[in-house]
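Remarks on the overall topology
Here are the chains, one letter per residue:
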Amino acid sequence: MSDKAPTSWQFDPASALARRCAALSEGLPVNPALTAEVCWCVQERGDWLAGVIAPGFVRIFLLPGGGDLWGDIPLGQQRYLALGNMDWRFVAAHDPELGDYQCVELVQPISQVLGMAAARLLVGDARLALGLGAHVAVVGDEPRQPVSRRGFLRALSGRR
């Protein structure tokens with residue numbers, strides 16, 4: 001990647017997100033049961049949404065692609081974005097290689113996540129709750145039915 005971070009992603013940023021997982025986890029409490037993985041990355045209404053797992057977080061990333069989901073806000077500030085049947089609280093951040101991005105923390109503290117399978121299910125449920133993809137998503141080999149808003153919020157609180 002060049003010395004200057006992109007202001008708008010014209011191509012799928014999944015590989016850049018995967019490379020930056022370790023750096024984005026620096027300074028955060030980590031869960032040794034988690035490894036870095038970009039579970040999915042899709043272009044939605046011209047911008048990029050990605051579900052990412054790392055030892056320090058399980059997040060949904062929003063990166064600008066020139067579409068209508070992105071809204072500039074100051075670093076550290078939050079904004080609500082209606083996607084699916086929910087309002088998602090995105091927080092603005094910056095990375096020297098990714099540029100400006102916004103993200104939603106799917107779980108805190110990270111120690112609550114029992115392992116990669118649980119993290120993948122959480123990120124898969126988030127994708128469905130965002131209203132992305134087909135009516136049935138596949139996580140691993142197991143078909144999953146769309147999750148309701150209540151079901152997704154229950155999963156966030158640790159109850160299944």
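Residues numbered from 1 in each chain as written. Predicted model: local features only at pLDDT ≥ 70, side-chain atom pairs only at ≥ 80, totals over all residues. Heavy atoms only, no water.

1. Observations regarding the sheet that holds strand β1 (residues 37–44)
The strands making up a sheet associate through backbone hydrogen bonding, with each pair oriented either parallel or antiparallel. Spatial ordering of the open sheet is given by β1-β2-β3-β6-β5-β4, a layout of 6 strands whose pairing is antiparallel. Both outer strands of the open sheet, β1 and β4 (78–83), are each paired with one neighbouring strand and no more. Going from strand to strand, the sheet's axes swing by 30° on average, the running direction of each strand aside. Sheet analysis places strand β2 (residues 47–54) next to strand β3 (residues 57–63), joined by 7 bridges and oriented antiparallel. Paired with W48 across the bridge in β3 is L63. Relative to the sheet, helix α1 (residues 14–25) contacts β1, β2, β3, β5 (86–95) and β6 (99–105), its axis offset from that of β3 by approximately 130°. (Pairing = 2+ DSSP bridges. Helix = DSSP H or I, 4+ residues; strand = E, 2+ residues; numbered from the N terminus. Axes fitted to C-alpha atoms, helices over the stretch in contact; angles between N-to-C directions. Contact = heavy atoms within 4.5 Å.)

2. Details of the nonpolar core
Counting residues in hydrophobic clusters, the biggest one holds 28 residues, and the most contacted among them are L49, V58, I60, W88, F90 and L106. When contributions to this core are tallied by element, the ones reaching two or more residues are β1, β2, β3, β4, β5 and α2 (116–129). Counting residues in hydrophobic clusters, the runner-up holds 18 residues, among them L17, W48, A50 and L98. (Core = buried A, V, L, I, M, F, W, Y, C linked by side-chain atoms within 4.5 Å. Buried < 20%, exposed > 50% of the residue type's maximum accessible area, 1.4 Å probe, protein only.)

3. Examining the packing of aromatic side chains
Tallied over the full model, the rule gives 2 aromatic pairs. An angle of 40° between the planes, with centres 5.2 Å apart, marks the rings of F61 and Y101 as tilted. Pair noted here: F61 is in strand β3 and Y101 is in strand β6, with a separation of 40 residues, a long-range link. According to the relative accessible area criterion, F61 is buried, its value standing at 0%. Following the ring pairs from residue to residue traces out a cluster consisting of F57, F61 and Y101. Taking the ring centre of F57 as reference, the NZ or CZ of R59 above it sits at 4.0 Å. (Phe/Tyr/Trp six-rings, centres within 6.5 Å; stacked < 30°, edge-to-face > 60°. Lys NZ or Arg CZ within 6 Å of the ring centre and 35° of its normal.)

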